[in-house]
Amino acid sequence: MGTLLSMAIIGSYERHPDLGCEAVVFLDEESDACFQLQRDLPGGARAGEYCITTGASAPVFGGVDQWRRIGDRFEFALTPRAARLFDDPLVSFVVRPGDGASVDELAEHVTRLLDGVERLS
């Protein structure tokens, strides 16, 4: 899939009590490429860990080495294992929020889900 560069990246926050998880989903509407950050809800077996996935791949726990937000752009430096999912060690894209959310709200969810992950400088 490579780095997501489309201008049609939709970002949304999803909470699924029935599945016991929450996620920030970044979807490229043009290619259907997906980058998801997920975490079990409090009380879940892996509530203290986050994972990333393509939406169709197995989850990679701890797959982000560093990340940052610059305005509407999110950048994620991936671990070697996670980079194989996306064919690139750096996933970067401009986000247009969906579901009435703002980019600031999405960034708050990303910050919480990636608690403890370093910021890119």
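Everything below is about the structure shown above.
None of these values were measured; they are calculated from a predicted model. (Residues numbered from 1 in each chain as written. Predicted model: local features only at pLDDT ≥ 70, side-chain atom pairs only at ≥ 80, totals over all residues. Heavy atoms only, no water.)

### Focus on the overall build of the chain
Helix and strand content of the chain: two helices and nine strands. Traced from its N-terminal end to its C-terminal end, the chain shows the element sequence β-β-β-β-β-β-β-α-β-α-β. On C-alpha atoms alone, the chain measures out to a radius of gyration of 13 Å, which is about the 14 Å that the 2.2 N^0.38 rule sets for 121 residues. C-alpha atoms of the chain, sized along the principal axes, occupy 35 × 35 × 30 Å. Burial status across the chain gives 45% buried among its 121 residues. The long-range share in the chain, meaning contacts at least 24 apart out of those at least 6 apart in sequence, stands at 44%. (Helix = DSSP H or I, 4+ residues; strand = E, 2+ residues; numbered from the N terminus. Rg over C-alpha atoms; globule rule 2.2 N^0.38 Å. Buried < 20%, exposed > 50% of the residue type's maximum accessible area, 1.4 Å probe, protein only. Contact = heavy atoms within 4.5 Å.)

### Some points on the pattern of salt bridges
The final tally for this structure, using the stated rule, is five salt bridges. Ionic pairing is found between glutamate 75 and arginine 68, a salt bridge with its closest N-O pair at 2.6 Å. Its relative accessible area of 11% is what places glutamate 75 among the buried residues. Where aspartate 104 meets arginine 69, a salt bridge forms, and the shortest distance between an N and an O atom there is 2.8 Å. Here arginine 69 lies in strand E6 (residues 64-70) and aspartate 104 lies in helix H2 (residues 103-113), a separation of 35 residues in the sequence. Take arginine 69: its relative accessible area is 30%, and that puts it in the partly exposed class. (Salt bridge = Lys/Arg side-chain N within 4 Å of Asp/Glu carboxyl O.)

### Quick look at the pairing of strand E1 (residues 9-16)
Where E1 meets strand E2 (residues 21-28), eight bridges bridge the pair, whose relative direction is antiparallel. Bridge pairing in E2 places histidine 16 opposite cysteine 21. In this structure, the hairpin formed by E1 and E2 is closed by a connection of four residues, where glycine 20 is found at a positive phi of approximately 75°. In this structure, E1 lies alongside strand E8 (residues 90-97), joined through three bridges in parallel fashion. In the sheet register, isoleucine 10 faces E8, and the bridge partner there is arginine 96. (Pairing = 2+ DSSP bridges.)

### Thoughts on the pairing of strand E4 (residues 50-53)
Burial along E4 is two-sided: Tyr50 and Ile52 and Cys51 and Thr53, pointing in opposite directions, are all buried. With four bridges joining them, strand E3 (residues 34-40) and E4 adopt antiparallel strand pairing. Among the inter-strand pairings, leucine 37 is bridged to a residue of E4, identified as isoleucine 52. Here two bridges tie E4 to strand E5 (residues 60-61), and the two strands are oriented antiparallel to one another. Its bridge partner being in E5, cysteine 51 is matched across the sheet by phenylalanine 61. Hairpin geometry of E4 and E5 is characterised by an intervening segment of six residues between the two adjacent antiparallel strands and by a positive phi of about 95° at glycine 55.

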